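One-letter residues, chain by chain:
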Amino acid sequence: APQGAVGVVLTFEQFDMADDEDDIIYAFSCTDATCDVPTPVPGSPFHGDEPMPGRVVSETGVLLLRMVVDCCRNGEGFIASYQGTNTTCVGDCQIPADTWTHV
């Protein structure tokens, strides 16, 4: 998450995975960047044969995505943006957003 954030929200803007359960994105919330103890976020994993995922939230500020694909059928991938959240903020609480693309 961006500096100063206590959580992170990922929003898929495009999601084109193969229409089977062989292409999967797992999303985990972690307590630190090593992600030694990953906790699946609600709704994870995400498959290409399902509707585009909604917002993916990690209350810890660390979100790990793991994409698993097979060798045969592939979609175009995904585009997602993320933004930090700060539930303890007082005053001007603008935390910059960014976009991550995997194709």
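Going by the structure above, here's the rest.
What comes next is a walk through the structure. (Residues numbered from 1 in each chain as written. Predicted model: local features only at pLDDT ≥ 70, side-chain atom pairs only at ≥ 80, totals over all residues. Heavy atoms only, no water.)

1. Describing the overall build of the protein chain
Here comes step 1: For the protein chain, the helix and strand inventory stands at 0 helices and 8 strands.
Here comes step 2: Mapped in sequence order, the helices and strands of the protein chain form the string β-β-β-β-β-β-β-β.
Here comes step 3: Taken across its 103 residues, the protein chain has 33% of its residues classed as buried.
Here comes step 4: Long-range contacts, defined here as pairs at least 24 residues apart, represent 72% of the contacts in the protein chain between residues at least 6 apart.
Here comes step 5: About 6300 Å² of surface is accessible on the protein chain, with carbon and sulfur atoms providing 51% of the total. (Helix = DSSP H or I, 4+ residues; strand = E, 2+ residues; numbered from the N terminus. Buried < 20%, exposed > 50% of the residue type's maximum accessible area, 1.4 Å probe, protein only. Contact = heavy atoms within 4.5 Å. Areas by Shrake-Rupley, 256 points an atom, 1.4 Å probe, with all protein chains shown as cover.)

2. So, the packing of aromatic side chains
Here comes step 1: Per the stated rule, a full pass over the model turns up 4 aromatic pairs.
Here comes step 2: Between the aromatic rings of Phe12 and Phe78, the centroid separation amounts to 5.5 Å while the plane-to-plane angle is 75°, which identifies the pairing as edge-to-face. Pair noted here: Phe12 is in strand S1 (residues 7–16) and Phe78 is in strand S7 (residues 77–85), with a separation of 66 residues, a long-range link.
Here comes step 3: A residue is classified by how much of its surface remains accessible, and Phe12, at 4% relative accessible area, is buried. (Phe/Tyr/Trp six-rings, centres within 6.5 Å; stacked < 30°, edge-to-face > 60°.)

3. Remarks on the state of the cysteines
Covalent bonding between the sulfur atoms of two cysteines defines a disulfide.
Here comes step 1: Under the counting rule described, the total for this entry stands at 1 disulfide.
Here comes step 2: Note on cysteine connectivity: Cys30 is disulfide-linked to Cys35, with sulfurs 1.8 Å apart. The same class applies to Cys30 and to Cys35, which are both buried. (Disulfide = S-S within 2.5 Å.)

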